[in-house]
Amino acid sequence: MTLAEKLALVVLVTCACAVVSTASPLDPDRYFLVEAEPRAQLEDYRLNDDVWPTHYDIEIKPYLEQEGNKAQFTFDGSAKITVSTQKQNVMQIKLHMARMDISAWSVTRKSDNTIIPTLPQTYDQETQILTLPLSSALQANVEYVLSFTYVGNMDDDMHGFYRSYYWEDGVKVWMGSTQFQQTHARRAFPCFDEPRFKATFQLKINHKTQYNVYSNTAIVGTAVAEVGRSLTTFGVTPSMSSYLIAFIVAPYQINDRDGMGILARPQAQNQTQYSLDVGIKLLKALEEWIDYPYASVAGMTRMYMAAVPDFSAGAMENWGLLTYRETNILYRSDDSTSMQQHRIAAVISHEIAHQWFGDLVTCEWWDVTWLNEGFARYYQYYGTALVETEWDLDHQFVVEQLQGVMQMDSLRSTHPMTHPVYTQAQASGIFDNISYNKGAVMLRMMEHYLTTETFKTALRAYIKDRAFKTTRPEDLFSALNRYDPNARSYMEPWTIQPGYPLVTVTSHDTGFTITQKRFLVNEPDHNEQTAWPLPITFATKASEFSITRPAFYTGMTFEIPMQGASDVEYFILNNQQVGYYRVNYDAILWGKISKALHSEGFGGIHVLNRAQIVDDLFNLARGDVVPYGTALEILEYLKEETEYAPWLAAVNGLTTLSRRIHADDEKLFTAHILDIFSKAYDIVKFQAPTATERRIFTYMRQNVLQWACNYGHEECSKAAVAEFHRYHQNPSVKVHPDLRQVVYCEGIRKGSTEEFEFLWNQYLTTNVATEQILILQGLGCVSSSELITDMLNGIASPHVRSQDKNNAFTYVINNPYTLPHVSRYLQQNHANWAASHGSYTNVASAFNNVLARLKSDSERDAISAFIESNKNILGQAAYDSIKSGLEDYETNKQFTLRNRDEIHEFLDNKINGGAATILANVSMIVGLLMLVLAR
């Protein structure tokens, strides 16, 4: 049987099994369906504040195999919750529960165990709120105990207390782990499942003796529960939110030292040393920076970090038991790329930072998630930089975080950082780039305004003030205002208003006029009057770019006076892109900037401002603010660029532009790409990193090689294919990790079924999760319809874990050749895709990702006809989603047609007009830019 036949058979068997699964694939709790309209009154999704918990005693007894009449993947549970009220006449208690059957419950007065008479409970399936009616009112300031006995389910959806597995010597080993954020602690025990309801917890786990168990705190007792089972008791936790509880039941091993331990499956223990070493350093560096020792919190005597095979999030900050996807914590220098090592350190820093910003001090509700995630994302870069000092993380932050969130935040559909949240879907949705990236960007902006030392002092005071409490933005603003009375007035508008401004600079003899207007990439002519306090810095020469402490200006328009303004070499706003805004200049200033960029040493323009200019030009052209021809002319300077940050900004802009290039201009665009990357390729060379090169130079090589090979650079392709063939002949000598992505991709692109089956077998047999991701990226470069089908069947099979399926699919469709084949595959195999991915919502998502990249009206028409003839099978939500994707296709098509002439003229002049035309065009930039003012 061939590999293709095996994969097809696996998919059919898997999907047949999925049809009879006891868990509905359409369960919105499991698959983050975003509801068009909430199905209850918004206020009904929130618990009232009548009753507050102070302590939980929880016992869990999981069944990872059937035991007597106990079904596999269920667990017995008991919970005792100490509660009280400060109100009079409280006649009912409301709390959360989900996916469990409660067999008994009671309410007793804690002081004397008096039973409180109750009435039959009610349960709202939509809000997941359990209501316990009482026959008589609770007494104020008296402690009561809610007791529950129940049976829960260990689902395979990576939420609640769920089941996972790994293979050991060909045997499937089952285990249990948890993921409770945002609203899934209620699936493990009844609880007040909102962040504001902080309490202490004590957990006991009744487990088979061949398993080890771990939780937030250290083990304080172990006893024989019954034959073959132990009862393990953990220490009482600090006062904390329910979503931060965690526990693992698995035959794991530990690599520990100095109060830090890495938990992993036995065969992965040889991949834990780096995360242990860097984790110890990061914990020490962060607790010194924050001036609040981790171990000063009662119960936090050690920190465990666990690698979990199936994990929906990248990682989770459970207090004292941090959990990670394997790719984000397991590292081997001979199998993981430099970027993967960077990712591991950064994610560990992010999660350790949460021990203060999230665990000790917790956002009061998910509407201010940025108070947790903005800080963690900030320390993901600047905390890691305390330990890994040679990685230029400050440069990476600007392009990856600030410029990254600007894409989403330039759409009408964006939202403010502080934004109302009620339903589970909304709580999930708020964990987005606005809460993470923009939150971190605002913190960096305030750090530069206050100075690093003042910023640090203010945050130390904030943590001490709010320790063991919840927090709202006004608490942070109050802490900052102690050190600068203007801090709140400068920061708050950025948190409560959506979007960001486009700042336009107009020059005159005595200075510069600055105007601001919200930047909406698809609505350049809007009339909104939103204004932000603008952090202003500027440079007219190289030495001024180091001035990053801004002065804030308010108002839609203001002046920056300057003697001899018309004589400056250039005027560039927003030094090192500390401020969160785009900048457009008048024709004269753009001309000066272009001249500087095309001069030796780029006129002394700081590398981050070069990255800013690159990103702004791509997006101002996309937003119809600057003509594409003008933007692309200025960006010709990239042929001499040697730094990572501007090239990363360029790669991001070119990725978007490549999807909008007219199909008839693809050859011209290919020639353009090969031209601008030519010198960069000669600089980085097709070679493994040297011992002395900068880390970001290694990253730059990966990008340059990927683009060069993708667009047919002959030398790149030959070198990659030769290295793949060498590896194919002798797999014991591996490809250098930093070359694998391009080598695997090109080897598969230029290879046959033999190469595909070889690499797929490597995927199935490797013990290293980071290597599996590199292989999936390579397999996504398939170039024949048969192998595309094989790859899609592989993604739909159990061989690719649920957490990796979406990424694997993206690797395929990022290869433009595959798009029509993928479209037809989805139309023919939609039922299998829905079963293997969980729902028809995932089918809709797959079609929409294809439509976002398609340039074929015939394929669009085929998708449209498919959804019309299968509307009842798809369901209304998936049907509506794909309809929206078809509308987006038309919008993208019109964008391409509207801008085609400008882009084509530039490309044609460049490729067919010769060097003289290019030189002439550079001199014409100022003239072309006069169009900006005319618009």
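About the cut-offs
Residues numbered from 1 in each chain as written. Predicted model: local features only at pLDDT ≥ 70, side-chain atom pairs only at ≥ 80, totals over all residues. Heavy atoms only, no water. UniProt positions renumbered as here; feature names shortened; annotations may be inferred. Helix = DSSP H or I, 4+ residues; strand = E, 2+ residues; numbered from the N terminus. Contact = heavy atoms within 4.5 Å. Polar contact = N/O pair within 3.5 Å; in protein donor to acceptor, adjacent residues only side chain to side chain. Buried < 20%, exposed > 50% of the residue type's maximum accessible area, 1.4 Å probe, protein only. Lys, Arg positive; Asp, Glu negative; His and termini not counted. Salt bridge = Lys/Arg side-chain N within 4 Å of Asp/Glu carboxyl O. Disulfide = S-S within 2.5 Å. Phe/Tyr/Trp six-rings, centres within 6.5 Å; stacked < 30°, edge-to-face > 60°. Lys NZ or Arg CZ within 6 Å of the ring centre and 35° of its normal. Pairing = 2+ DSSP bridges. Axes fitted to C-alpha atoms, helices over the stretch in contact; angles between N-to-C directions. Parallel < 35°, antiparallel > 145°, perpendicular 65-115°, else oblique. Left-handed = near helix turned anticlockwise from the far one by under 90°. Nonpolar A, V, L, I, M, F, W, Y, C, P; charged D, E, K, R; others polar.

Novice: Residue-level account of the UniProt feature "site: Transition state stabilizer" (unreviewed entry) in the protein, with values.
Specialist: Under the local residue numbering, the UniProt record ascribes the feature "site: Transition state stabilizer" (unreviewed entry) to Tyr436. Mapped onto the secondary structure, Tyr436 falls in helix H9 (residues 433–450). Excluding residues that lie within four positions of it along the chain, Tyr436 makes contacts with His350, Glu373, Gly374, Arg377 and Phe431. A polar contact of 3.5 Å, which involves the side chain of Tyr436, links it to the side chain of Glu373.

Novice: Explain the side chain of Lys198 residue by residue, including any values.
Specialist: Checked against the element boundaries, Lys198 lands in the loop between strand E9 (171–179) and strand E10 (200–208). Here Lys198 occupies a buried position and makes no salt bridge, while the nearest side chain of opposite charge, Asp359, is found at 7.9 Å. Within the structure, the side chain of Lys198 is placed 2.9 Å from the side chain of Thr362, a separation counted as a polar contact. A polar contact of 3.1 Å, which involves the side chain of Lys198, links it to the backbone oxygen of Lys469. Ignoring any residue separated from it by four or fewer positions in sequence, one finds Lys198 in contact with Pro53, Ser239, Met240, Ser241, Asp359, Leu360, Val361, Thr362, Phe468, Lys469 and Thr470.

Novice: Which residues make up the UniProt feature "domain: Aminopeptidase N-like N-terminal" (unreviewed entry) in the protein, and what are the values?
Specialist: Annotation from UniProt places "domain: Aminopeptidase N-like N-terminal" (unreviewed entry) at residues 53–244. From the first C-alpha to the last, residues 53–244 spans 15 Å; its make-up is 0% helix and 56% strand.

Novice: Hey, could you go over the state of the cysteines for me, with residue numbers and the actual values?
Specialist: Going through the model one piece at a time under the given rule, you end up with two disulfides. Each disulfide pairs two cysteine sulfurs, and for Cys709 the partner residue is Cys716, the sulfurs being separated by 2.1 Å. Here Cys709 and Cys716 share a disulfide; its torsion about the S-S bond, -105°, makes the bridge left-handed. The same class applies to Cys709 as to Cys716, namely buried. For Cys745, the disulfide goes to Cys781, at an S-S distance of 2.0 Å. On the sign convention where negative is left-handed, the bridge of Cys745 and Cys781, at about -100° about the S-S bond, is left-handed. Of the two residues, Cys745 sits in helix H21 (residues 737–749) while Cys781 sits in the loop between helix H23 (769–779) and helix H24 (785–796), which places them 36 residues apart along the sequence. For Cys745, a relative accessible area of 8% translates into the label buried. Sequence-ordered numbering of the bonded cysteines in the protein gives a disulfide pattern of 1-2, 3-4. Distance from the sulfur of Cys191, which forms no disulfide, to the nearest cysteine sulfur (Cys363) is 16 Å. For Cys191, a relative accessible area of 0% corresponds to the buried category.

Novice: Outline the packing of aromatic side chains, supporting the account with residue identities and numerical values.
Specialist: One pass over the full model with this rule turns up 58 aromatic pairs. Note that Arg163 overlies the ring of Phe73, its terminal NZ or CZ placed 4.3 Å from the centroid. Just above the ring of Tyr879 sits the side chain of Lys871; from NZ or CZ to the centre is 4.5 Å.

Novice: Account for the pairing of strand E6 (residues 129–138), naming residues and giving values.
Specialist: Along any regular strand, the residues point their side chains to alternate faces of the sheet. Counting buried positions along E6 yields seven of ten residues, so the element is predominantly enclosed. In terms of strand pairing, strand E3 (residues 90–96) meets E6 through six bridges, oriented antiparallel. Residue Gln92 lies in a different strand from E6, and its bridge partner there is Pro133. If you look at the hairpin formed by strand E5 (residues 122–124) and E6, you'll find four residues sitting between the two strands, and Gln128 has a positive phi there, around 60°.

Novice: Just give me the short version of the packing of helix H11 (residues 473–481) against helix H12 (residues 487–496), but keep the residues and values in it.
Specialist: Where H11 contacts H12, the axes come no closer than 9 Å and their chain directions differ by 150°. The pairing of H11 with H12 is recorded here as roughly antiparallel in orientation. Judged by the sense of rotation from one axis to the other, the crossing of H11 with H12 is right-handed. Together, Glu474, Leu476, Phe477, Leu480 and Asn481 of H11 and Ala487, Arg488, Met491, Glu492 and Thr495 of H12 make up the contact between the two elements. Considering only residue class, the contact of H11 with H12 consists of five nonpolar, two polar and three charged.

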